[in-house]
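Here is how the chains run, residue by residue.
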There are 2 protein chains.
Amino acid sequence: MPVIKVNLKKRSYNIMVGAGILSSLGKYLQKLGIGNSAYIITNNPVNNKYGVKLNQALKKYGFTTRFKIVPDSEKSKALEIAAAVIKDLASYDRNRRIFIIAFGGGVIGDLASFIASIYKRGIPCVQIPTTLLAQVDSAIGGKTAVDLAQGKNLVGTFYQPRLVLSDVSILKTLPLRQLKTGLAEVIKYGIIQDPYLFSYLEKKYKDLLNLKTASLEFIVSRCSAIKAGIVGRDEKEEKGIRTILNFGHTIGHAVEAAGGYNKYNHGEAIALGMLAATGISNRLGLLKNKDALRIANLIKKIGLPTKIQGVAYQKIISAHYRDKKFIGIKNRFVLIKGIAKTKIVENIPLEIIKEALRKT
Amino acid sequence: MPVIKVNLKKRSYNIMVGAGILSSLGKYLQKLGIGNSAYIITNNPVNNKYGVKLNQALKKYGFTTRFKIVPDSEKSKALEIAAAVIKDLASYDRNRRIFIIAFGGGVIGDLASFIASIYKRGIPCVQIPTTLLAQVDSAIGGKTAVDLAQGKNLVGTFYQPRLVLSDVSILKTLPLRQLKTGLAEVIKYGIIQDPYLFSYLEKKYKDLLNLKTASLEFIVSRCSAIKAGIVGRDEKEEKGIRTILNFGHTIGHAVEAAGGYNKYNHGEAIALGMLAATGISNRLGLLKNKDALRIANLIKKIGLPTKIQGVAYQKIISAHYRDKKFIGIKNRFVLIKGIAKTKIVENIPLEIIKEALRKT
């Protein structure tokens, strides 16, 4: 079973990747010595499918469990929900040796880890991501978040989990659209850092769309290792290293926002954002046509959108200028000079962004 | 002007102590380069007295300012208040280079720094403590907090400020009871770490009660240096070093809670807690009668309570066992073997605690 270490000195932790490893959770937790009382934050769809299994895995090793269900919606990433869960947690706690398990996708992971980071100035948090997107991206790296009406992820902390357990068997029940949204982030890792992963996706995309275990395990462990490496070198996005993870996200977030967060989901918007960033890179003479075409073809093969439809460009541009990644009036893009060759460029002229959007 | 450095590598910062230094704030902030837009969290009493002065000090150096008033009450340390302020902050922000100023006592400091720590995963925070208690204790060290109905300070983070500016001139308008509550923490620093400070208090307590500038500056800078030293060695209370700051707080918190947080204020409860801890130390044969008497005499001279009145012992004992500092069923006390000689002792028998309470 692949075990990937995130190296952050005293805050180091392991990412375990494998098929069927959920049933061994109790054993791993016992070794960590993080407490004996698990407070599991999850939603109904995940709990209905895997709650019993998780509960057994914990009870077998003597952990007490309490399941806290939050709505299955991005709306759960709200300060009000976090406050309500914390009150329940505090009422339940009463000096237990308590830790939190985030059992779900990105919304659950962001919410639960935020709660863990602010309850009693931080209690241990274990991530058990149940979507591909969460397994390859959001469960790793310690960015916690809830949304405000004024913008997504505006409230949060940097707070590392004590363990990430990615059971790829869980992905077998993932709806196709959710699988694809995760694959968008996998493509991103290939583009920014890993030519082998990129070629693998070009060859094996059908295996992935058919949820073949070996392929899932390969991409989850490969992407986890990439993210672990980047986070280990730039935990708090202070050195410009972690920034490359935002490839496709500058325009992607704007597309998501402009579409009211229901026209395109995260991965779909990121696919469009990657195409726009690829277009800008090509337009600025950084990227060859050939590489731009490879990227467009892979996104198409996976079945992710390649054309912005039903969202006005002007809305995307406006959303783009509200993004929290901008300080003052500067924009900042992660561009590419080839597969695994990134370049941060600031102050891209608006005309060039608009042109790239029109062509996407 | 005394400048004390808190050594925390990349998170190091200065504590500036002096009379009338508020008017130079803009200059100090400009050097720090932490932004150009100050979001000041304060309450009406502080704002009415010193708001204009703070505003001028900032405007003179080109900072934009926004004052956010929260109620002048411990009730402001609530998740709901934090959420409401964050929403106002996010609406106001719009990609400004924003930082927070905590302008008030401990409640404002804890609330404002908590907000700074979770907005956009952390924006710079400047502490301008306006009470003696905040200047010598809560503004330093990065413990942020809000209360829950289930207990005080149950939600919070470790998040260091970028600057602490303690203008002792502001203390001149402090009500006597508030001055004394701060002096309780000053006595604590003497007891746990500084025989010279302890003797100084024995000799100069009248100057302090008369708000003499030189004495105030001396104790604020001396206590700031002690706390800075302890925090620098044990930022997150993981090494048992920071623990000694809890001298008097184990019983003190219980007295505060048992009195419904209005019978005794923090410093008064801490004075009683220090007397109880002194009594336990003496009873266990750790501390000589002579030293126990010196402590009791100093507390009496300052005019802090020396006798628990109007709060049932049983209530104190119950509150004591609900304290968040207890993990599992163990209790843990900071005791003393003399002035500046602390000893952490766990599992003090209930009978000995009760006896000490009866004698306090």
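Along each chain, residues carry numbers from 1 onward, in the same order as the chain's sequence is written. For this description, chains carry letters from A and ligands carry numbers from 1, given in the order in which they are written. Whole-chain, interface and lining totals are the exception, using all residues; otherwise, since this is a predicted model, local features are given only for residues with pLDDT of at least 70 and side-chain atom pairs are given and counted only at 80 or more.

1. Some words on the sheet that holds strand β1 (residues 3-6) of chain A
Residue and element names in this part refer to chain A. For clarity, the threshold we go by: Pairing between two strands is assigned when DSSP locates at least 2 bridges connecting them. Labels follow the DSSP assignment, with helices taken as runs of H or I lasting at least four residues and strands as runs of E lasting at least two, numbered in each case from the N terminus. Axes, fitted as lines to C-alpha atoms, cover a helix only where it is in contact. Angles between the N-to-C directions of the axes lie from 0 to 180 degrees. Each residue gets a C-beta atom placed from its backbone, and two residues are in contact if those atoms lie within 7 Å.
Taken in spatial order, the seven strands line up as β1-β2-β9-β6-β5-β3-β4 in an open sheet, and their pairing is mixed. Pairing within the sheet leaves two strands with one partner each, and these edge strands are β1 and β4 (64-69). On average, each strand axis in the sheet is tilted by 20° relative to the strand beside it, whichever way the strands run. Looking at chain direction, strand β3 (residues 37-42) and β4 are connected through six bridges and run parallel. Its bridge partner lying in β4, Tyr39 is registered against Arg66. Contacting β3, β4 and β5 (98-104), helix α2 (residues 44-59) crosses the sheet at an angle of about 170° to β4.

2. A word on the interface of chain A and chain B
Heads up, the rule is: In this classification, Asp, Glu, Lys and Arg are treated as charged, Ala, Val, Leu, Ile, Met, Phe, Trp, Tyr, Cys and Pro as nonpolar, and every other residue, Gly included, as polar.
Across the contact, 25 residues belong to chain A and 25 residues belong to chain B. By residue number, the principal contributor to the side of chain A that touches chain B is helix α3 (residues 79-93) of chain A, which donates six residues. Class assignment of the residues belonging to the side of chain A that touches chain B gives a composition of 12 nonpolar, eight polar and five charged.

3. Some thoughts on helix α13 (residues 350-359) of chain A
All names here are of chain A. Cut-off, in case you're wondering: Buried, partly exposed and exposed are defined by the number of other C-beta atoms within 10 Å of a residue's own C-beta, namely 20 or more, between the two limits, and 12 or fewer respectively, with C-beta atoms placed from the backbone. Each direction from the helix axis to a C-beta atom contributes to the arc, which is the arc of those directions.
Every buried residue of α13 is accounted for by Ile353, Ala356 and Leu357. Within α13, the buried residues cover an arc of 100° as seen down the axis, which keeps them to one side. Exposed and facing more than 90 degrees away from the buried side of α13 are Glu351 and Arg358. In this fold, the buried residues of α13 make contact with α10 (266-283) and α12 (313-322).

4. Overview of the sheet that holds strand β2 (residues 13-18) of chain B
Within a sheet, each strand pairs with its neighbour through backbone hydrogen bonds, oriented either parallel or antiparallel. Residues and elements named next belong to chain B. Ordered in space as β1-β2-β9-β6-β5-β3-β4, the seven strands form an open sheet in which the pairing is mixed. Unpaired on one side and paired on the other, β1 (3-6) and β4 (64-69) mark the two borders of the sheet. Here the strands of the sheet are splayed against their neighbours by 20° on average, with no regard to which way each runs. Sheet topology note: the strand β5 (residues 98-104)/strand β6 (residues 125-129) ladder contains five bridges and is parallel. Opposite Gly104, over in β6, you have Pro129 as the bridge partner. Contacts from helix α8 (residues 213-233) reach β1, β2 and β9 (163-167), with the element oriented near 15° to β1.

5. Quick word on the pairing of β9(B)
Residues and elements named next belong to chain B. Along β9, five of the five residues are buried, which leaves the element largely enclosed by surrounding structure. Going residue by residue along β9, you find Leu163, Leu165 and Asp167 tucked away on one face and Val164 and Ser166 tucked away on the opposite face as well. Alignment of β2 against β9, held across five bridges, turns out to be parallel. Across the sheet, the residue bridging to Val17 is Ser166, located in β9. Pairing between β6 and β9: two bridges, direction parallel. Looking across to β9, one finds that Val126 is bridged to Leu163.

6. Remarks on the relation of the copies chain A and chain B
To keep it simple, the criterion reads: Only residues with pLDDT of at least 70 in both copies contribute their C-alpha atoms to the least-squares superposition of the copies.
Rotating chain A by 180° and moving it 0.0 Å along the rotation axis overlays it on chain B with an RMSD of 0.0 Å. Expressed as a symmetry operation, the mapping of one chain copy onto the other fits a two-fold axis. When the interface residues of chain A are mapped onto chain B, 100% of them again lie at the interface, so the same face is used by both copies.

7. Regarding the domain arrangement of chain A
The criterion, for reference: The split of the chain into domains comes from an automatic or database domain assignment.
Taken domain by domain, chain A consists of domain 1 (3-172) and domain 2 (247-359). Split into classes, the residues belonging to the side of domain 1 of chain A that touches domain 2 of chain A amount to two nonpolar, one polar and one charged.

8. Overview of the environment of B:Leu89
Mapped onto the elements, B:Leu89 comes out in helix α3 (residues 79-93). Beyond its immediate sequence surroundings of up to four residues, B:Leu89 is in contact with B:Tyr39 and B:Tyr119.

9. What about α10(A)?
Residues and elements named next belong to chain A. In plain terms, the rule: Helix span, as expected, comes to 1.5 Å for every residue beyond the first.
Its 18 residues give α10 an end-to-end C-alpha distance of 25 Å, which sits within 8% of 26 Å, the value for a rise of 1.5 Å per residue. Of all 18 residues in α10, 17 are buried; the element is thus mostly enclosed. Positive phi appears at Gly285, one or two residues downstream of α10, with a value of about 80°.

10. Digging into the packing of helix α6 (residues 176-193) of chain A against helix α7 (residues 195-209) of chain A
All names here are of chain A. Condition: For this classification, under 35 degrees means roughly parallel, over 145 means roughly antiparallel, 65 to 115 means roughly perpendicular, and everything else is oblique.
Put simply, α6 and α7 touch, their axes get as near as 9 Å, and they point 155° apart. Compared by their axis directions, α6 and α7 come out roughly antiparallel. Residue-level inspection shows Leu183, Val186, Ile187, Tyr189, Gly190 and Ile191 of α6 in contact with α7, the latter providing Leu197, Phe198, Leu201 and Leu208. Classifying every residue of the contact of α6 with α7 gives nine nonpolar, one polar and no charged.

11. As for the packing of helix α9 (residues 249-258) of chain B against helix α12 (residues 313-322) of chain B
All names here are of chain B. What counts here: Crossing handedness is read from the near helix: turned anticlockwise from the far helix by less than a right angle, it gives a left-handed crossing, and turned clockwise, a right-handed one.
Put simply, α9 and α12 touch, their axes get as near as 8 Å, and they point 115° apart. The handedness of the crossing between α9 and α12 is right-handed. For the pair α9 and α12, contact is made by Thr250, Ile251, Ala254, Val255, Ala257 and Ala258 and by Lys315, Ile316, Ala319 and His320, respectively. Considering only residue class, the contact of α9 with α12 consists of seven nonpolar, two polar and one charged.

12. Observations concerning unusual backbone geometry
Residues and elements named next belong to chain B. One non-glycine residue, Lys9, lies in the positive phi region at around 50°. Here Lys9 lies in the loop between β1 and β2. You will see that Glu237, though not glycine, has its phi angle at about 55°, which is positive. Of note, Glu237 is situated in the loop between α8 and α9. Overall, Glu237 belongs to the partly exposed group, with 18 C-beta atoms counted inside 10 Å.

13. Some points on the environment of B:Glu268
Residues and elements named next belong to chain B. Along the polypeptide, Glu268 turns up in helix α10 (residues 266-283). With 21 C-beta atoms packed within 10 Å, Glu268 lands in the buried category. On a C-alpha basis, the gap between Glu268 and Lys5 in space is 29 Å, while along the polypeptide they are 263 residues apart. The contacts of Glu268, once residues within four sequence positions are left out, are Thr181, Ala184, Leu304 and Pro305.

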